[in-house]
Structures are given as C-alpha cells and as structure tokens.
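Results of the structural survey
Each chain, letter by letter, is given below.
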Amino acid sequence: MLRYFAKSFALIAVAVVVTCGIYPAILWAIGQTVFPFQANGSIVRNADGAVIGSMLVAQPFTKDEYFQPRPSAASYDATASTSSGYAPSNYALRDRVARVIGPIATYASGDKKGQAVAPDVETWFQADKFGGNPHIVAQWADAHNSIAQAWVTGDPTHGAFVDDWSKAHDAVVQDWIKKNPATPQPKGSDLAVVFFENFSNDHPGAFPSSVTKTGADGKPATSIEPVNTGSDIQSIFFDMWRSDHPDVALNDVPADLVTASASGLDPDITLENAEFQLDRVAAKWADDKKLKVDDVRKEIEAILQDKAHAPWGGLIGEKLVNVLDVNLELHKRYGDPA
Amino acid sequence: MFRTVTGFFEIVFTLALVVVAARPLGAYMADLFQNRRTVLTPILGPIERAFYWAAGVKSEDEQEWDAYAISMVLFGGACMLSLYAILRLQAWLPLNPQGFPAVPPDLAFNIAVSFVTNANWQAYGGETTLSHLSQMVGLTANNFLDSGAAIAIAVALVRALTRNESTTIGNFWVDVTRATLYVLLPVAFVLALVFAAFGVPQTLVGSIGAATLEGLKQTIAIGPVASQEAIKLLGDNGGGFFNANSAHPFENPSVWSNILQNWSQLVLPVALVFAFGRMAGDAKQGRALLITMAVIFVMALAVIWKVEAAGNPALTAIGVDPSQGVMEGKDLRFGQAGAALFADATTGTGTGASNAVLESMAPISGLAAMFNLLLGCISPGGVGTGLYSLLLLVLITAFIGALMIGRTPEYLGKKINARDMQFAMFALLLSPALVLVFAGGASVVKIALDSLGAGGPHGLSEIVYAYASSAADNGSAFAGLNANTPWWNVTTGVAMFLGRFAHAIPILAIAGSLAAKKKAMPSAGTLPTDGPLFITFLLAVIVIITLLQYLPALALGPVAEHFLLQQGTLF
C-alpha cells in the first residue's frame, strides 16, 4: 500500500515538472516571441500607449454616439465572466427582454407603420384595464410576485417608500400579518404585492416612479410619485400591453440586441443589430458635429460593411461586427463625443 | 436556410477532421500500448525512463487485475490528496498575484475529487477563486494524469479481450506514464500553440487594467490560458480557466478556435476506438463501436441544433426575431451549429466544458444533453472512459443476445459467464443508484433546494442534471444551480468519486476474468458482433436500459417544461 503511494507521489512530482513547468514554459516562450499580440490578450492601445482594452473582450459603451455591445449579465466585468443563467421558461428573462423592447418597439403595419408603440402603451396604461379587469399595477404585482419584490429591494429609495407606506397603512399591514402568520414582522419586500394592490387602488392608472424636481431651495430633489407616462410605464408594462393586443403586428428586434451572452463579454454584434442601431448613432454624431444626418449615416454604413466579417467569405458563421473595432473607427473619424 | 447550410458545413468539416486524425492516432496508440516502438520513442524515451526511475517502476513487469486496480485507486488517492493540499494552502504558496485566500474545505474536496475523476465539475469561478499556482500545478497536472489513468483502464480492458489465457493485464504505472507522455502531452502541445495563435493568451500576468474608449475603468483577467485550454479539451476534462469556460473570448476567441475545440474533445475517444480495432486485430469490431457512437451522437446533435435554431417562444411572443435562434446564454461567434456541436460533444464525451449556457437552452436541448450523460457518456465517450463504458454495454448486449437465441455468450472469442455479468450489472446499476438516490434526496431537502436557480420543472432538471453529470464524471452543469454550497459540494463530490472508482474496479475485474480465458475461434454458433444486426440490437439495449431507469425523471423535468413553454407558461 505504502509502496503504491510512494510510486504515485513520485510519478506526480515528475509529471508536475513536465506538465506544469516545461510544457507551459515552452509554450510561453514561443507565444511571447512568435505571436506576442495574441499571447498577451489582443490588447489595443491609444496613441499614448495606454491600454484601451482587448479586441476580444466586450467593454461597456453607454453613449448614444457608439454602437452598444450585447447586454451583459457580468456588467462587462472582465474579471468575473458570467451569463444570466436564466432558464428559457424563467419569467425574469422575458421581463428583462420586454423592458428593453418596450421603449423601442414600432408598428410593422397599419396606419401607424414605423411609429413607436410607447405612446399607445401609456394611453392603455392610463385607462387602467387589463384583460377587461381594472387595476393594471395590482394585476401585475399579483402575477409576478418576485418582480414586484425586486422593485422594492432593487433601489433603496423604493424600499424607503414602501416602509413609509407600511407605517401609514397599519391596518393593511396587520391584515397581511393575519393572513401570513409565519411572518409576524414583514419586511418591505414581503409586503410588495399588497403595497402595489393598495397603490393601484389609490392611484388608478399610475405607477410609483422616481421623479426629480427642483425643490424650494433651488436644488434638484428626487422623490417617488405616481406617474402615468415615461420609461417605467413603457418598459415594465409593455409585456402586459402586448398580451392585451396580441394581433397587432410589430417590427421584430434582432435577438442579439436583447439577449445576454454566455460570457457576458461577447465582443461582437450581428450586422443586423448594428444596422438597427445605425439611425441612433448617425443622428447623434450628426448632432454633435453639426453634420448632415444622411451623409453621416452613409459614412457609418460604409464603415459597418467594411468591418463586418464572416470567415471564409461567409461559408462558416454569419456576418458579425466587433463593437470595439467599429467604435474605434468612429472615434478616429469624428473625435470625442460631445 | 443560409444559416442551415453554413452550420452544416461547419459540422461536417469538424467531424471529417476528427476521423481523418483519429485513424493514424489510433494506430499510433495501438503500437504504443503493445510495447512497439513509435515515432516519438527516440525523443520521449529518456523522459519516460526518468519517470520509471523516479517512481521505481520496472516497466517490463506486468500486473494482475487486482494489483492494477489497487494501483489505479491509490494513484487517484494520491492525486486527490496533493491537489487538496495545494488548494487549502494556496494563500501561502507562490504565484498568487491576485492574493486569493485558501479554498474552503468543502469546495477544496469537491475540486480535488472533480479534477482527479476527470469530471471537472466546477462549483467555482476560476478567475475569482484560484491562484495561478492552483490552476497550473493543481489542475493542469491532474488534467493530464487523470486522463492518462482513464486511458490506462480502457487499454487494460482491451488487452484482456485480445490476450489468450493471460494472468496479467498490463502495468498501470507504465500505461499511465505512456498515455500522458506519448499521447496527451505532444498533442496538447501542438493544440496549445494553435490556440495561442488564434488569440488564446499565454502569459504570466494576472490582470490588465484598461481605460475604455469612453474612459471607464475595466480590469481584464488573463493568465496562462492556452496551455490549460489544450489539455482541458484534449483530455476531456472540461475545467475552464474562466467561469464562462469555453464561452469566454480568451478561452475560445473565434469560430476557428471553436472548430478546433470541438475537434480536440472528440479526437482521442474516437482514436481509441480505432486503437481497439487494431489491437483486436479486427478493424470491423472497432467500426461497429464507432457506428454505434456516431448514431447516438448525430441524433442528439440534430435535436439540439433544430430546437436551438427555432428560438425561444416566450421571447418571440414579445417581438424578438426568432431567426437567430435561442441567443440568451450564447456568444455570437460560434453560431447555433457551433454551439449545438459543442453541447453534444461535451456531453457525449466526458468533457463537460461549455461554450453556451445549457441552463438557457431550450428544454429539449437540455433533455438531449442529459440523455447523453445518462447513457454514461459513450458517444464517443470520455478519453478511455467512453471505450470501456461502451465495451461494458457490448458485453451485456452480447450476453442478452446469445441467450435470446440459445447460444453461449461470447465476445471476441471470450466466453462471458455469470460472474462477469454480475460485475457488469454492478457497474451498470451504479449510475442510476447514484443519480436517483441523490436527486431524490435533493428534491426534498431544503438546503439543497435553496440552490436552485429556476422554478417549475426546470428546477428538477437542474437537480437531475447535476447528479447525472457528476455520476458520469462529465462535469457540465445547468449554470442556474448554485452548486458551491456544502450540500452540493459534498454530494456531487461523492457521486463523482464513486462514479469513477466504483465503476472502474468492476471493469478491471471483468478484464482480469476475460484475460484468463481461452480465446475461442469463431464458429457457426458465434453471434457476430460487427454487423448491422448487432449494432441495432446494441443501440436498442442502450436506449431501453436508460429509458427504464430515467423516464419518469425526464418526463417531469425537461419534457414537462417543453410543453409548458410552448403553451406560454413561465415560472
């Protein structure tokens, strides 16, 4: 027995020298001398030699002047690659995607062809009827408890608002405790559903949103108030609007525009996705640099066509655009965004 | 249509490269394990002798099956102990540029078992948990050695089938040394170089700080990735340098690297089947096994590709263009075909790496992947493990077939008796025992259920998949499951340990018994084992056995989820 162990450890020791010492060291030496660019992570630098990033790793772009990479479950943190881990049947996935689509969705046919859906979502929301029944917000919270809870926990001002509400509505809270004896001291998130039901009753056709106003002292102050227009309504309630209007034809969005990649660091988008973003990007640069939109659009279109690549002339894979690559080109051509 | 054509081209191209390379590689391995000189003997001979000298091995001595098995188990134990020690001590050891603390005991146990059993089940994020020393010394060395050990077991079984009245089945120490030194090391070396040329980093720097084009700060984790990447896939290990595994752009930067990744997972298992045909002196026997593997592989591939390309109906309903297919949890550069091929290859072999998130794939893709695991990873199987697991099923099929037509059960001229079948049934029933008992337990224990990342039937899929993967020593996972908790670390660790060792010991016992038997000449009474009839029968036995064991679990998990998703029910 001991003899076998001794043999094993000796073998492991020699193997460590060969597989962990010699093998990677020779590879390292060859990599560093023959293809140092690749072996060091395909790093791009600016004119001063400072590192901008890696051509292989997505970096965040927030400005409208730039093409944006795919959504990232890792928040583009290149030290902690990850995916959303959502199952296809997970409502959280559908909710996340619907919130992106809502504000950008357009009609595909009819009188309003090409126009945004968002104003109609707001009008529908204000009427406060879903599936023929009143109180959209209450129905929303009932159907998706965890999403309602995430609203409460996702932002400290939301949590504080619900806490204040629960103090002001002791009777409602006591009633909730009676129905849920296992939770005698409910937290804000426990009360999320009953909070929204109550809110929906008090403020039909409205949703609690952060509103920034100039206070009496001249400084901007943010508070939670009932609102019936704006991005929260357009994004959160788009999914319900869609199920109330199943027969309306909308323009589809490219899948990679709204889905998170496996690594969270996908450096590419499809050419289709880039074309989808082209209007926004061109309009913004034209505005910044006082140029004609049509000219800019044509120029950037040419850049995209030039940068789009598919191996073996498209025999393998489809046409993709490296986001950093095109944005570097935009930066070279137009300078810094305003 | 265009996507179908390009995807088809990519798949055919990859598989053709596998077969083209596997044939000569198989011939080379057959020579190597039959003590013949090979082309690399002049270069590697001195290093091989250094191994024997250091370990005190007499290379010409052969072992009986029990000594071979004990050597295999104790060698695994030694690997596990040394890896556990490195992980627990990494905070105080060199090459820890990020200053990571010691790995906690339950996780260290899990990693140690995982990397020694070739499962590479990763309950942790590589770039956020392990120092460079742990990655390089701890994991890379075991990636070589455990694959070497698996090849050794397969080779021992093949020798037993092809020898006549032999008391010995080879020398474990010699087999593991040769498999590592002559097979894994040179191929991995060439692979790693090509990977590096494609953009996989090979540097000792821990991370790079960048100021992005918009002036934001981004830190990019990096390291000696290429050397680990090559053996990760070639040895069917699957443990990635980064959390996102082969989806990470540094592990798998392009469509080309992805083709090579798929190739490298498949090439050795297929080559071993060619080696088997050659060692058996009957290429047709090897071909029969290869066809069996290929049928399962292609069917699973067709299913996965088809359903992934159809897109997610829950997203199509709100205006997502379905033409790209299911894109959540997929990086664009691989395409649906490249991702489907990878998902099939990684579960059909023992690799368990991933270039797309299985959790986010359509339920039926999850079903196909899970089915690959529940078959025991035999299409074409892990390096070594695939061949010996399939040979086990061949013995059972030959036994059943012969009894059905009233002949003496035999395979390759070796009579199969009741004792051989008892060992075979033990090895066969081990996996359902582990999977169903653990999954049943996890379905009712709160500390296990707290780790689930999905509600409804998908939650059950996560549980069954986790144990199917660990019992088959595959290591792939539904990423939604938070497996880094004491419950999951310990139970999957035990399943991986038994899945490897309690499975391999009866196989070596059968090898011992078969080696000692006389090799009979084929007669009119012999059931041929190389024709279409036998292949069909073998496939039927494999599928029926698996469905009998797991149908209820599969119906309640992925199948139920599929129908609910189609009718719009979300969780």
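Along each chain, numbering runs from 1 in the same order as the chain's sequence is written. Whichever chain is written first is A, and whichever ligand is written first is 1; the rest continue in order. It should be noted that, the model being predicted, local features are given only for residues of pLDDT at least 70 and side-chain atom pairs only at 80 or more, the latter also being counted only at that level, while totals for whole chains, interfaces and linings use all residues. Calculation of side-chain values draws on the structure's entire complement of heavy atoms; hydrogens and water are dropped beforehand.

Going by what an unreviewed UniProt entry lists, chain B is known as Potassium-transporting ATPase potassium-binding subunit and is assigned to Roseiarcus fermentans. For chain B, the Function (unreviewed entry) comment in UniProt is given as "Part of the high-affinity ATP-driven potassium transport (or Kdp) system, which catalyzes the hydrolysis of ATP coupled with the electrogenic transport of potassium into the cytoplasm. This subunit binds the extracellular potassium ions and delivers the ions to the membrane domain of KdpB through an intramembrane tunnel." Under the Subcellular location (unreviewed entry) heading, UniProt states for chain B: "Cell membrane". UniProt positions are given in the numbering used here, feature names are shortened, and annotations may be inferred rather than shown by experiment.

Identification of chain A as Potassium-transporting ATPase KdpC subunit from Roseiarcus fermentans is taken from an unreviewed UniProt entry. The annotation that UniProt attaches to chain A under Subcellular location (unreviewed entry) is "Cell membrane". Listed under Subunit (unreviewed entry) in UniProt, the entry text for chain A is "The system is composed of three essential subunits: KdpA, KdpB and KdpC."

All names here are of chain B. Each axis is a line fitted through C-alpha atoms, and for a helix only the stretch in contact is used; angles between axes span 0 to 180 degrees, taken between their N-to-C directions. A run of H or I in DSSP becomes a helix once it reaches four residues, and a run of E becomes a strand once it reaches two; helices and strands are each numbered from the N terminus. Orientation of helix H7 (residues 172-198) relative to helix H9 (residues 255-279), taken along the N-to-C sense of each, is 170°, at an axis distance of 10 Å. Regarding the angle of H7 to H9, the classification is roughly antiparallel. Residues Val-183, Leu-184, Leu-191, Val-194, Phe-195 and Phe-198 of H7 pack against Trp-256, Ser-257, Leu-260, Gln-261, Trp-263, Ser-264 and Leu-268 of H9. In this classification, Asp, Glu, Lys and Arg are treated as charged, Ala, Val, Leu, Ile, Met, Phe, Trp, Tyr, Cys and Pro as nonpolar, and every other residue, Gly included, as polar. Here the contact of H7 with H9 is composed, by residue class, of ten nonpolar, three polar and no charged. Oblique is the label for any angle not covered by the other classes, which are roughly parallel (under 35 degrees), roughly antiparallel (over 145) and roughly perpendicular (65 to 115). Pairs of residues are marked as contacts when any of their non-hydrogen atoms sit within 4.5 Å.

Here we take up the pairing of strand E1 (residues 207-211) of chain B. All names here are of chain B. Burial along E1 is one-sided: the face carrying Ile-208 and Ala-210 is buried and the face carrying Ser-207, Gly-209 and Ala-211 is not. By the convention used here, strands pair only if DSSP detects at least 2 bridges between them. Inspection of the sheet shows E1 paired to strand E2 (residues 217-221) by five bridges, in the antiparallel sense. Opposite Ala-211, over in E2, you have Lys-217 as the bridge partner. Turn length for the E1-E2 hairpin, with the two strands adjacent in sequence and antiparallel, is five residues, and the turn residue Gly-215 shows positive phi of about 85°. Classification of residues uses two cut-offs on accessible area relative to the type maximum, computed with a 1.4 Å probe and protein chains only: under 20% is buried, over 50% is exposed, and between them is partly exposed.

Residues and elements named next belong to chain B. Roughly 680 Å³ of volume is contained in the largest pocket. Forming the walls of the largest pocket are 40 residues, and the residues nearest its centre are Gln-122, Asn-243, Ser-354, Ala-477 and Ala-479. Per-element accounting of the lining of the largest pocket gives the leading share, five residues, to helix H12 (residues 335-348). By residue class, the composition of the lining of the largest pocket is 20 nonpolar, 20 polar and no charged. Here the term cavity refers to a set of points on a 1 Å grid, laid over the protein atoms alone, in which a 1.4 Å probe fits but cannot get out; the term pocket refers to an open set having protein on both sides within 12 Å along at least five of seven lines, with lining residues being those that place an atom within 4 Å of a point. Grid points are joined across faces, edges and corners, and a volume is the space filled by probe spheres set on the points.

So, on to the state of the cysteines. When the sulfur atoms of two cysteines come within 2.5 Å, that pair is taken as a disulfide. In this structure the tally under the stated criterion is zero disulfides over all chains. Free of any disulfide, Cys-79 of chain B has its nearest neighbouring cysteine sulfur in Cys-20 of chain A, separated by 11 Å.

A word on a nonpolar patch on the surface. Here a patch means residues that are over 30% exposed by relative accessible area and free of salt bridges, tied together within 9 Å if like-charged and within 5 Å if nonpolar (Val, Leu, Ile, Met, Phe, Trp, Tyr). Only the protein chains shown count as cover for residues, with accessible areas throughout obtained via the Shrake-Rupley method and a probe of 1.4 Å. Salt bridge criterion: a side-chain nitrogen from Lys or Arg within 4 Å of a carboxyl oxygen from Asp or Glu. A grouping of Val-17, Ile-22 and Ile-26 of chain A is seen on the molecular surface, where their side chains present a nonpolar patch of about 250 Å² in accessible area. Mapped onto the elements of the fold, Val-17 of chain A is located in helix H1 (residues 2-34).

Below, the discussion takes up the pattern of salt bridges. One pass over the full model with this rule turns up 26 salt bridges over all chains. Between Asp-120 of chain A and Lys-112 of chain A there is a salt bridge whose closest N-O contact spans 2.7 Å. With a closest N to O distance of 2.6 Å, Lys-232 of chain B and Glu-251 of chain B form a salt bridge. Here Glu-251 of chain B lies in the loop between helix H8 (225-234) and H9 and Lys-232 of chain B lies in helix H8, a separation of 19 residues in the sequence. When its relative accessible area of 0% is taken as the criterion, Lys-232 of chain B is described as buried. Judged by relative accessible area, which is 0%, Glu-251 of chain B ranks as buried. Beyond isolated ion pairs, a larger network of salt bridges with shared partners links Glu-299, Lys-307, Asp-325, Glu-329, Lys-332 and Arg-333 of chain A.

This next bit is on unusual backbone geometry. All names here are of chain B. Of note, the bond from Ser-379 into Pro-380 is cis; its omega dihedral lies within 30 degrees of zero at 0°. Of note in this structure, Asn-35 is not a glycine but carries a positive phi near 60°. Assignment of secondary structure puts Asn-35 in the loop between helix H1 (2-33) and helix H2 (41-55). Look at Cys-377: it is not a glycine, yet its phi comes out positive at around 55°. Within the fold, Cys-377 resides in the loop between helix H13 (363-374) and helix H14 (385-404).

What follows is about the domain arrangement of chain A. Domain boundaries assigned for chain A yield domain 1 (51-84 + 260-334) and domain 2 (91-244). Domain segmentation is taken from an automatic or database assignment of domains. When each unit is reduced to the centre of its C-alpha atoms, the spacing between domain 1 of chain A and domain 2 of chain A is 33 Å.

Tallying the contact residues gives 109 residues for chain B and 97 residues for chain A. In this description, buried area is defined as the sum, over both parts, of the accessible area (probe of 1.4 Å) that is lost when the two are combined. For the pair chain B and chain A, the two sides together bury roughly 8400 Å², of which 68% comes from carbon and sulfur. Three residues, Leu-213, Glu-214 and Ile-318 of chain B, lead the burial of chain B against chain A; their summed loss comes to 10% of the area buried on that side. Applying the counting criterion to the chain B and chain A interface returns three salt bridges. A salt bridge links Arg-333 of chain B to Asp-266 of chain A; its shortest N-O distance comes to 3.8 Å.

Residue and element names in this part refer to chain B. By size, the foremost hydrophobic cluster in this structure holds 205 residues, and its most contacted members are Tyr-411 and Trp-488. Among the elements that line this core, the one with the most residues is H7, at 16 residues. Apart from residues lying up to four places away in sequence, Tyr-411 is in contact with Leu-161, Phe-276, Gln-285, Leu-289, Leu-391, Val-394, Leu-395, Ile-416 and Thr-529. As used in this record, nonpolar core signifies buried Ala, Val, Leu, Ile, Met, Phe, Trp, Tyr and Cys residues forming a set joined through side-chain atoms within 4.5 Å.

All right, on to the environment of Ala-39 of chain A then. By the element assignment, Ala-39 of chain A lies in helix H2 (residues 36-39). With twelve residues separating them in the primary sequence, Ala-39 of chain A and Leu-27 of chain A have C-alpha atoms 9.7 Å apart. The contacts of Ala-39 of chain A, once residues within four sequence positions are left out, are Gly-31 and Gln-32 of chain A together with Val-200, Pro-201, Gln-202 and Thr-203 of chain B.

Before going further, it helps to spend a moment on the environment of Arg-278 of chain B. All names here are of chain B. Inspection of the secondary structure assignment puts Arg-278 in helix H9. With 250 residues separating them in the primary sequence, Arg-278 and Tyr-28 have C-alpha atoms 10.0 Å apart. In contact with Arg-278, other than residues within four places in its own chain, are Ala-27 and Ala-30.

It is worth spelling out the packing of aromatic side chains at this point. Residue and element names in this part refer to chain A. Pairing of aromatic side chains here covers Phe, Tyr and the six-membered ring of Trp, requires ring centres within 6.5 Å, and sorts the geometry by plane angle: under 30 degrees stacked, over 60 edge-to-face, intermediate tilted. All chains considered together, the criterion is met by 31 aromatic pairs over all chains. Pairing Trp-151 with Phe-196 gives two aromatic rings, centres 5.2 Å apart and planes at 65°, and the pair type is edge-to-face. Of this pair, Trp-151 sits in helix H6 (residues 145-154) while Phe-196 sits in helix H9 (residues 192-202), and the two are 45 residues apart along the sequence. Note on Phe-195 and Phe-196: the rings are 5.0 Å apart at their centroids and 65° apart in plane angle, and the pair reads as edge-to-face. Its relative accessible area of 0% is what places Phe-195 among the buried residues. The residue whose ring lies beneath Arg-3 is Tyr-4, and the NZ or CZ to ring-centre distance is 5.4 Å. Two thresholds decide whether a charge sits over a ring: the Lys NZ or Arg CZ must be within 6 Å of the ring centre and within 35 degrees of the ring normal.

Residues and elements named next belong to chain A. Relative orientation of the contacting elements helix H14 (residues 293-307) and helix H16 (residues 323-334) amounts to 140°, with a least axis distance of 10 Å. The angle between the axes of H14 and H16 places the two elements in the oblique class. Crossing angle aside, the handedness with which H14 passes H16 is right-handed. Contacts between H14 and H16 involve Val-296, Glu-299, Ile-300, Ile-303, Leu-304 and Lys-307 from the former and Asp-325, Val-326, Glu-329, Leu-330, Arg-333 and Tyr-334 from the latter. Grouping the amino acids of the contact of H14 with H16 by side-chain chemistry returns seven nonpolar, no polar and five charged. The sense of a crossing depends on the near helix, which, turned anticlockwise from the far helix by less than a right angle, makes the crossing left-handed and, turned clockwise, makes it right-handed.

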